[in-house]
Amino acid sequence: MSLPPLAAIRVFEAAARHENYSRAAEELALTQAGVSYQIKLLEERIGAQLFTRKGRGVALTSLGKRIAPRVSEAFALLGEAFSAVKAENEAVLSITCSRTFATNWLAERIGAFNLTRPGLAVRLHVSDDVVDLAAGEIDVAIRGVIDPGPGVVSHFLLRQIITPMASPEFLARHPLTTPADLRRVTRLSPNDEWWDTWFASLSDGYDGAHDPGLRFDSQVLDGQAAIAGHGVAMIFPPMFPDAIAAGRLVAPFDHYAVEARTMWLVYPEHTRNLAKIRAFRDWLLPAIRESLGDDPLGALVHPKDA
């Protein structure tokens, strides 16, 4: 026999425990008629009576007495299973973000977040791919996207302001006076669309064709190669603050462009009230603002206000 409706079984468990339809109704936020209906549905499904009338209340039949403890035990086991899942879920925060953001920004600051929530373990998933949050394996994502999309709560973090950068040693060997000079030097990952964005933003409309050059699959590798003097990289400066402050990365031009994808903190709608989600959000947003200081590039300007 297939399992009867779970709602009817749940009503039976409460009614058997109280031996009273009214009390079962109060516990389950149902009407007494609703309880009676579910019990009748269950009895019709199994073809046997579970309760008999006893004065102003009800009493379990012999069959009801036999199955009631086993049903209660089953619900107790279900409760334990879901409590364990909830406890595990509340104890771990899973974050997905790009390699550049993880390596150059989050890694050196996540310890400060842990100090605010010492009982919360943080699991960092580092990937430049967009992870499906609906799968439930990741709690929050820090994404560079044009539109966060439906079904998620999104918080603006910052615009990605980009410009070519290189080491002082490289620029000493290869002086760059105009953007056209970039055609005669090694550009790192020249096929990256950020180069197209930057060149397209120039007033003279200079076409930055994909010249041969070293190709990497993340901005963090582009930046490290530029610091090592291997070429010019298209950089989002807030991701390389230490190298820029130390003079290991220099911008040969004063021209900056805004990348189409904006960085957002996103998480599923149904998790918005979880304490760990709120804690990370309340830490991350001010931490981003603090790290940009007076924000000379305008990275904190919301796209709607730009």
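Structural data are supplied above this passage.
Residues numbered from 1 in each chain as written. Predicted model: local features only at pLDDT ≥ 70, side-chain atom pairs only at ≥ 80, totals over all residues. Heavy atoms only, no water.

**Concerning the overall build of the protein**
Of the regular secondary structure elements, the protein holds 11 helices and 10 strands. Whereas a compact globule of 306 residues would reach a radius of gyration of roughly 19 Å, the protein reaches 30 Å, over 25% beyond that. Viewed in the frame of its principal axes, the protein has a C-alpha envelope of about 100 × 35 × 35 Å. Taking all 306 residues of the protein together, 44% fall into the buried category. Looking at the protein alone, contacts between residues at least 24 apart form 73% of all its contacts between residues at least 6 apart. Of the roughly 16200 Å² that the protein leaves accessible, carbon and sulfur atoms contribute 54%. In the protein, 31 positive and 36 negative side-chain charges are present, and the distance between their average locations comes to 12 Å. (Helix = DSSP H or I, 4+ residues; strand = E, 2+ residues; numbered from the N terminus. Rg over C-alpha atoms; globule rule 2.2 N^0.38 Å. Buried < 20%, exposed > 50% of the residue type's maximum accessible area, 1.4 Å probe, protein only. Contact = heavy atoms within 4.5 Å. Areas by Shrake-Rupley, 256 points an atom, 1.4 Å probe, with all protein chains shown as cover. Lys, Arg positive; Asp, Glu negative; His and termini not counted. Charge placed at Lys NZ, Arg CZ, Asp CG, Glu CD.)

**Brief notes about the pairing of strand S5 (residues 140-145)**
Within S5, five of the six residues are buried, leaving the element largely enclosed by the surrounding structure. Where S5 lies against strand S10 (residues 262-268), five bridges are found, and the strand directions are antiparallel. Its bridge partner being in S10, valine 145 is matched across the sheet by threonine 262. (Pairing = 2+ DSSP bridges.)

**A word on the packing of helix H1 (residues 6-18) against helix H2 (residues 21-28)**
As a packed pair, H1 and H2 sit with axes 8 Å apart at the nearest point and diverge in direction by 130°. Comparing the axis directions of H1 and H2 gives the class oblique. Seen from above, H1 lies across H2 with right-handed handedness. For the pair formed by H1 and H2, the contact residues are Arg10, Val11, Ala14, Ala15, Arg17 and His18 on the first element and Tyr21, Arg23, Ala24, Glu27 and Leu28 on the second. The class makeup of the residues in the contact of H1 with H2 is six nonpolar, one polar and four charged. (Axes fitted to C-alpha atoms, helices over the stretch in contact; angles between N-to-C directions. Parallel < 35°, antiparallel > 145°, perpendicular 65-115°, else oblique. Left-handed = near helix turned anticlockwise from the far one by under 90°. Nonpolar A, V, L, I, M, F, W, Y, C, P; charged D, E, K, R; others polar.)

**Some remarks on helix H8 (residues 193-200)**
For H8, the set of buried residues is Trp194, Trp195, Trp198 and Phe199. Buried residues of H8, viewed axially, fall in a sector of 130°; they line one side. One side-chain oxygen at the N-terminal end of H8 lies 2.7 Å from the backbone nitrogen of tryptophan 194; it belongs to aspartate 192. (Arc of directions from axis to C-beta. Polar contact = N/O pair within 3.5 Å; in protein donor to acceptor, adjacent residues only side chain to side chain.)

**Things to note about the pattern of salt bridges**
A complete count under the given rule lists 13 salt bridges for this structure. Between arginine 272 and glutamate 269 there is a salt bridge; the shortest N-O distance is 2.9 Å. Accessibility expressed as a relative area gives 40% for glutamate 269, which makes it partly exposed. If you follow the salt bridges from partner to partner, you end up with Arg10, Glu13, Arg17 and Glu27 in one network. (Salt bridge = Lys/Arg side-chain N within 4 Å of Asp/Glu carboxyl O.)

**So, the side chain of glutamate 43**
You can see glutamate 43 is positioned in helix H3 (residues 32-46). No salt bridge forms around the buried glutamate 43; measuring N to O, its nearest opposite-charge neighbour lysine 40 is 8.5 Å away. What glutamate 43 contacts, discounting residues up to four positions off in sequence, is Ala48, Gln49, Leu50 and Phe51.

**Quick look at the sheet that holds strand S4 (residues 121-126)**
The strand order across the open sheet built from five strands is S4-S3-S5-S10-S6, with neighbouring strands paired in mixed fashion. The open sheet has two edge strands with one neighbour each: S4 and strand S6 (152-158). Strand after strand, the sheet turns through a mean of 25° between neighbouring axes, direction not considered. Bridge count for strand S3 (residues 92-97) against S4 is six bridges, and the pairing is parallel. Across the sheet, the residue bridging to leucine 93 is valine 122, located in S4. Lying over the sheet, helix H5 (residues 99-106) contacts S3, S4, S5 and S10, oriented at roughly 115° with respect to S3.

Any functional reading would require information beyond the geometric quantities listed.
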